[in-house]
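Examining the three-dimensional arrangement
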Amino acid sequence: MPKYLFEATYMGQGIKGLMQEGGTARRDALTEALKSVGGTLESFYYAFGYYDVLGVFEVPDDASAAALSLLINSSGNVNVRLKPLLTVEDLDEAAKKTPSYRAPGQ
């Protein structure tokens, strides 16, 4: 299954909800959301800085990842960004491909 790095920032009511519920409850809520689309949570960490939460999850496909992102972001309480993760084998395959490209101005 594809893996995604997620970076999330709590906004307004989301911060208040986190303070009321605690971090474990928010991790559990994400675990349940992932289960609803056939996914699993690999890691979940709180951090200092712009992103409050970082982690990795697996879901069956890009559409499932997009559906979760849309739903979570539509709450207005959390701003989440996803990044698809590539294995070293994926990168090996990419390096074998020879796409054509013309840079701007060339």
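Check the entry above for the structure.
A few points on the structure. Everything numeric in this text was worked out from a predicted model, so none of it was measured. (Residues numbered from 1 in each chain as written. Predicted model: local features only at pLDDT ≥ 70, side-chain atom pairs only at ≥ 80, totals over all residues. Heavy atoms only, no water.)

Secondary structure summary: the chain contains four helices and four strands in total. Whereas a compact globule of 106 residues would reach a radius of gyration of roughly 13 Å, the chain reaches 17 Å, over 25% beyond that. By its C-alpha atoms, the chain is 55 × 35 × 25 Å across when sized along the principal axes. The buried share of the chain, reckoned over its 106 residues, is 24%. A separation threshold of at least 6 residues defines the contact pool for the chain, and within that pool the share at least 24 residues apart is 64%. Here the chain holds 10 positive side-chain charges and 13 negative ones, and the gap between their average locations is 6 Å. (Helix = DSSP H or I, 4+ residues; strand = E, 2+ residues; numbered from the N terminus. Rg over C-alpha atoms; globule rule 2.2 N^0.38 Å. Buried < 20%, exposed > 50% of the residue type's maximum accessible area, 1.4 Å probe, protein only. Contact = heavy atoms within 4.5 Å. Lys, Arg positive; Asp, Glu negative; His and termini not counted. Charge placed at Lys NZ, Arg CZ, Asp CG, Glu CD.)

This next bit is on the pairing of strand β2 (residues 40–46). Moving residue by residue along a regular strand, the side chains alternate between the two faces of the sheet. Where β2 lies against strand β3 (residues 53–58), six bridges are found, and the strand directions are antiparallel. By the bridge assignment, Tyr46 is partnered in β3 with Val53. Counted along the chain from β2 to the antiparallel partner β3, the turn is six residues long, and its residue Gly49 has a positive phi close to 110°. (Pairing = 2+ DSSP bridges.)

Before going further, it helps to examine the nonpolar core. Nonpolar side chains in soluble globular proteins generally cluster together in the buried interior. In terms of nonpolar packing, the biggest core is built from 14 residues, with Phe6, Leu34, Val53, Phe57 and Val59 touching the most fellow members. Breaking this core down by element, the ones donating at least two residues are β1 (3–10), α2 (23–35), β3, α3 (62–74) and β4 (78–85). Among the elements that line this core, the one with the most residues is β1, at four residues. Excluding residues within four positions of it along the chain, Phe6 makes contact with Leu30, Leu41, Ser43, Phe44, Val53, Leu54, Gly55, Val56, Phe57, Val80, Arg81 and Leu82. (Core = buried A, V, L, I, M, F, W, Y, C linked by side-chain atoms within 4.5 Å.)

What follows covers the sheet that holds β1. Read from one edge of the open sheet, four strands run β2-β3-β1-β4, paired in antiparallel fashion. What marks the edges here is a single partner per strand, and that holds for β2 and β4. On average, adjacent strands in this sheet sit at an angle of 20° to one another, irrespective of strand direction. Pairing of β1 with β4 involves eight bridges; the strand directions are antiparallel. For Tyr4, the partnering residue across the bridge sits in β4 and is Pro84. Most of the contacts of α2 go to β2, to which it runs at about 155°, and overall it touches β1, β2 and β3. (Axes fitted to C-alpha atoms, helices over the stretch in contact; angles between N-to-C directions.)

Keep in mind these values describe shape, not function.
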